[in-house]
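Observations on the model geometry
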Amino acid sequence: MTSESVRAAVEAALGASIGRVEPLSGGDINDAFLTVLVDGRRVFVKTHQRADPGMFPAEARGLTWLREAVALRIPEVLAVSDGSQAGPHFLALEYLHPARKIAHFDEQLGRGLADLHRFGAPRFGLDHDNFIGSLPQNNSPSESWTDFYRERRLRAQLRLAVDSGRVDTGIARRFENLLSKLAALLGPPEPPSRLHGDLWGGNLHVDEQGAPCLLDPAAYGGHREVDLAMMRLFGGFAARSFQAYAESFPLAPGSEERVAVYQLYPVMVHLNLFGKSYLPAVERTVERYT
């Protein structure tokens, strides 16, 4: 555990002493641990000494919100820091010991994701803001998906990139041109889906039964093609998952043409988190649609 204060806070929240702690790998931002309590419980704990105090409480709310759909395995929240500035900051979840994938893992993932999306959301957005990676994510609700995606997602990231000097005025002007055409690019209207929001391969887990489990959401109500586009951005998902999804919940015509515009948001997030190596991908997408 990164500090005695975190250890003490986790013990108090769980009502048991910690017997053993093992560091876990795989995260880009937080420190993660398998924590074995003296009463035998195995708990996944992640911490970050300099985290925004609202980050872990927001993630806990997102996990609980996704669990309401009873569609795919989502880990249960056991305890979370209170969001105070003083900290310490942590999130404790049920520990899911990974097993070998079941035979129909990819099909189960595709159909389960379709069920999650179909469960729906009250509106585009969410009743609280959260984070994608370590970046704040504004979820102020909107009745219009085009307005939400333009203002809360793309333009918000563009402003951040311009302010940090990662995007120059020329690219910004072309980006604004894309934003002006967005209504024609996002496909036919659909009701809001319940989105994971950050569905790259690292956030897909295999649970102790060998079934798919989703972690680390940046959840909100949005267009379901956002999750599917993110799954294709960095790989790690089998073709059968997409096929099973389409069999269960067919996409509107023209979805292939919309993949890049829905990938633009996570690419902009990566630009703002990790630097200008992602700028060429932004430029390609802007040029494609303008």
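Quick note: structure is the one above.
Residues numbered from 1 in each chain as written. Predicted model: local features only at pLDDT ≥ 70, side-chain atom pairs only at ≥ 80, totals over all residues. Heavy atoms only, no water.

Bringing helix H5 (residues 169-180) into the picture now. The terminal C-alpha atoms of H5, which comprises 12 residues, lie 16 Å apart, in line with the 16 Å expected from a rise of 1.5 Å per residue. Among all positions of H5, only Gly 170, Ile 171, Ala 172, Phe 175, Leu 178 and Leu 179 are buried. Its buried side turned inward, H5 meets helix H4 (145-163), helix H6 (182-185), helix H9 (255-274) and helix H10 (279-289). For H5, the capping residue at the N-terminal end is Asp 168, with a side-chain oxygen 3.1 Å from the backbone nitrogen of Gly 170. (Helix = DSSP H or I, 4+ residues; strand = E, 2+ residues; numbered from the N terminus. Expected span 1.5 Å × (residues − 1). Buried < 20%, exposed > 50% of the residue type's maximum accessible area, 1.4 Å probe, protein only. Contact = heavy atoms within 4.5 Å. Polar contact = N/O pair within 3.5 Å; in protein donor to acceptor, adjacent residues only side chain to side chain.)

So, about the packing of aromatic side chains. Between two aromatic rings, the relevant description is the distance of the centres plus the angle of the planes. Under the counting rule described, the total for this entry stands at 7 aromatic pairs. Linked through ring pairs, Phe 124, Trp 145, Phe 148, Tyr 149, Tyr 220 and Tyr 262 together constitute an aromatic cluster. Here the guanidinium or amino end of Arg 194 rests over the ring plane of Trp 65, the centre of that ring lying 4.1 Å away. If you follow Arg 224 out to its NZ or CZ, it ends over the ring of Phe 249, 3.6 Å from the centre. (Phe/Tyr/Trp six-rings, centres within 6.5 Å; stacked < 30°, edge-to-face > 60°. Lys NZ or Arg CZ within 6 Å of the ring centre and 35° of its normal.)

Next up on the list: the nonpolar core. Among the nonpolar cores identified, the biggest contains 68 residues, and Trp 145, Leu 154, Phe 175, Leu 178, Leu 182 and Val 282 are the most heavily contacted of them. In terms of residues, this core owes the most to one element, H9, which gives 10 residues. Once you skip the residues sitting within four places of it in the chain, Leu 182 turns out to touch Thr 146, Tyr 149, Arg 150, Leu 154 and Val 261. (Core = buried A, V, L, I, M, F, W, Y, C linked by side-chain atoms within 4.5 Å.)

Counted under the stated rule, the structure contains 23 salt bridges. Its salt-bridge partner being Arg 61, residue Asp 127 comes within 3.6 Å of it at the nearest N-O pair. Here Arg 61 lies in helix H2 (residues 55-67) and Asp 127 lies in the loop between helix H3 (105-119) and strand E6 (130-132), a separation of 66 residues in the sequence. Judged by its relative accessible area of 58%, Asp 127 is exposed. For Asp 207, the salt bridge is made with Arg 73, and the minimal N-O distance between the two is 2.9 Å. Placement of Asp 207 in the loop between strand E9 (204-206) and strand E10 (212-214) and of Arg 73 in the loop between H2 and strand E4 (77-80) is noted, with a sequence separation of 134 residues between them. Exposure remark for Arg 73: the relative accessible area of 25% places this residue in the partly exposed category. Taken together, the shared-partner salt bridges in this structure form one network comprising Arg 67, Arg 73, Glu 94, Asp 207 and Glu 208. (Salt bridge = Lys/Arg side-chain N within 4 Å of Asp/Glu carboxyl O.)

As a further point, take H3. Taking 1.5 Å per residue, 15 residues should reach 21 Å; H3 reaches 21 Å between its end C-alpha atoms and fits that length. Turning to H3, its buried residues are Phe 105, Leu 109, Gly 110, Gly 112, Leu 113, Ala 114, Leu 116 and His 117. Buried residues along H3 sit against H2, strand E8 (193-195), E9, E10, helix H7 (225-233) and helix H8 (239-248). Positive phi appears at Gly 120, one or two residues downstream of H3, with a value of about 85°.

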